[in-house]
Structures are given as structure tokens and as C-alpha cells.
Amino acid sequence: MAISPVLFIGLMCLAGGGSIFPAVEAIWLTVPTSGERCVYEDIQANVVVVLDYICIDESFTQLGPTLDVRVTSPYGKELYKIANVTHGQAAFTTSESGTFLACLAMHHDQTHHSVNNSVIVSLDWKMGIRAKDWDSVAKKEKIEASPSFPIHIYGVELEIRKSTEYASAIRANILYLRIREAYMREINEKTNQRVAQLGFMSFGLAFGVSLIQVWHLKRFFLKKKLL
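Below: a short report on this structure. All residue numbers refer to positions counted from 1 along the written sequence of the respective chain. Side-chain atom pairs in this predicted model are given and counted only at pLDDT of 80 or more, local residue features only at pLDDT of at least 70, and totals for whole chains, interfaces and linings cover all residues. Heavy atoms from the whole structure form the basis of all side-chain values; hydrogens and water molecules are not counted.

1. Comments concerning the overall build of the chain
Helix and strand counts for the chain stand at 3 helices and 8 strands. For the chain, the succession of helices and strands along the chain, N to C, is α-β-β-β-β-β-β-β-β-α-α. Note on contacts: a residue pair qualifies if any of its non-hydrogen atoms lie within 4.5 Å across the two residues. Counted over contacts in the chain with a minimum sequence separation of 6, partners at least 24 positions apart contribute 75%. Accessible surface is estimated by sampling points in the Shrake-Rupley manner with a 1.4 Å probe; for residues, cover comes only from the protein chains shown. Total accessible area on the chain is roughly 16,400 Å²; 59% of this is exposed by carbon and sulfur atoms. Where helices and strands are cited, they refer to DSSP runs of H or I of at least four residues and of E of at least two residues respectively, numbered from the N terminus.

Set out below in C-alpha cells:
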């Protein structure tokens, strides 16, 4: 039985998906007893973002320390804010490009836990394709393994769909980088022009001052009859 090129690509993605699209691991943070600990992420506009966080209790007690969590946009707008939680999920869609901040702090009123040491928090940014609920997509579009395949491959169509989404995301990112490169090149050209103009102005000013000094010295020497 001949295997179509699309199916072959899907099988290759399944076999080497870990090397083609490496998984992004969660960030482990140490939140102090006082103050905030913030992390930032540069995100483009119109991107779905899901932020998962969980507080790890080192003593393995049933009730651990709780956190205050807030997420702000590049312009300081609060996108997510919650207090006195041990875990949760923040989901939002970015409206502008820039640096987004996620700040975590120990909750002040720890009525069930004695705050003596810092705590460890797992923080995971999921953006774009990673934030998509692929299980819901598979159920909605009824994507499943086909019994006509000679080997049992579960979700090969779903993996091909993921690969297509990844390719589209990479293409969009390349276009974004090209736009940014053109913008930065335009800024560099304008800066070079202004520096050149400033250099010519400085040279002209220095030359004019030199002429005035020579004229003034010549007049002084003539007045003193030294020339």
C-alpha cells in the first residue's frame, strides 16, 4: 500500500516531533517572603496566552503557602489579578506587542501556614499554538485513527494539523521579523542622516568660529601695531 506524502510527513513529525518542535519547559521561581518576583515575556499582538502557575509546598503538607498573582500589559494594564491562591491559570489575548509581566508575591495573611521561608513556584507560559486545546479540536472535528491504516497510528491527522499550525506560526513570525527589520533599518538610516547633518553643522560652526578668531586676532595685532 502506497503512503501519501502528507501521511509520510505526519509520520515523520510523530517520530521526530520532539526534535523538530522542542517542548518549552516551565519556569521554576523562588518567591521571597516579602516583595514580588516578576518574570517577563515578549509577546506579539493578537496572540492567545495561557499562563499556568502552581505553588510547590516543600514540606509536603496538605495546605501550603498561598500567592498573590497579577499579569500586566506593556502599558501597565492589569490583565489578570488574584489573591490567596496556590495554583491557577490566566488566559487572555494580547492587544499590543511588547513585554508582559507576571508578578508573584506571598499572600500577607497566611492564616493556615507559617511563612518562614521562600516558596517555589512553577510558571508556564503557553502562547499561540501551545495554548490551543487540541483535545477539543480533535473532538469537534472528529479526528481519530483510521482502521484502514496497516499500523495503529492514533491521532496522525491531528499531528499533521499541529504541524500545519506550526508552519503557519513560523511563517507569521518570519513576516513579523521582516517588518521589524525594515523598521529598524529605516530608523538606522534616519539616525545616520541626522548624525551626518549634525557633523556638517558642527564642522561649519567650528570653521566659522575659527574665522572669527583669526579676524579678531588680526584686528588686535593691527591695533597694537604688532603687524
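2. Things to note about the sheet that holds strand β3 (residues 48–56)
Across a sheet, paired strands are connected by hydrogen bonds in the backbone, their directions being either parallel or antiparallel. Two strands qualify as a pair provided that DSSP identifies no fewer than 2 bridges between them. Strand order in the open sheet made by the 4 strands is β1-β8-β3-β6, with antiparallel pairing throughout. Every interior strand has two partners, whereas the edge strands, β1 (27–31) and β6 (87–93), have only one. Strand-to-strand twist of the sheet, defined as the mean angle between neighbouring strand axes without regard to direction, takes the value 20 degrees. Alignment of β1 against strand β8 (residues 119–127), held across 5 bridges, turns out to be antiparallel. Under this scheme, a helix contributes an axis fitted over its contacting stretch, all axes are lines through C-alpha atoms, and angles between N-to-C directions fall in the 0 to 180 degree range.

3. Examining a nonpolar patch on the surface
A cluster of nonpolar side chains, contributed by Leu 217, Phe 220, Phe 221 and Leu 226, occupies part of the molecular surface with about 370 Å² of accessible area. Burial classes: relative accessible area under 20% of the type maximum marks a residue as buried, over 50% as exposed, and values in between as partly exposed (1.4 Å probe, protein chains only). Given a relative accessible area of 57%, Leu 226 falls into the exposed group. A patch is a set of surface residues, each over 30% in relative accessible area and not in a salt bridge, joined within 9 Å for like charges and within 5 Å for the nonpolar side chains Val, Leu, Ile, Met, Phe, Trp and Tyr. When a carboxyl oxygen of Asp or Glu is within 4 Å of a side-chain nitrogen of Lys or Arg, the pair counts as a salt bridge.

4. A few points about the sheet that holds strand β5 (residues 78–85)
With antiparallel pairing, 4 strands are arranged side by side in an open sheet as β2-β7-β4-β5. The sheet is open, and its two edges are formed by β2 (36–43) and β5, each paired on a single side. Pairs of neighbouring strands in the sheet enclose a mean axial angle of 10 degrees, with direction left out of account. Taken together, the 5 bridges between strand β4 (residues 67–72) and β5 define a ladder with antiparallel strand orientation.

5. Quick word on unusual backbone geometry
In this structure, Asn 46 takes a positive phi of about 60 degrees despite not being glycine. For Asn 46, the location among the structural elements is in the loop between β2 and β3.

6. Structural notes on the pattern of salt bridges
On inspection of all chains with the given rule, the structure shows 5 salt bridges. Salt-bridge contacts for Glu 186 lead to Lys 190; the nearest nitrogen and oxygen are separated by 3.4 Å. Here Glu 186 pairs with Lys 190, and both are found in helix α3 (residues 156–223), just 4 residues apart, close to one helical turn. For Glu 186, a relative accessible area of 41% puts it in the partly exposed group.

These figures come from the coordinates and say nothing about function on their own.
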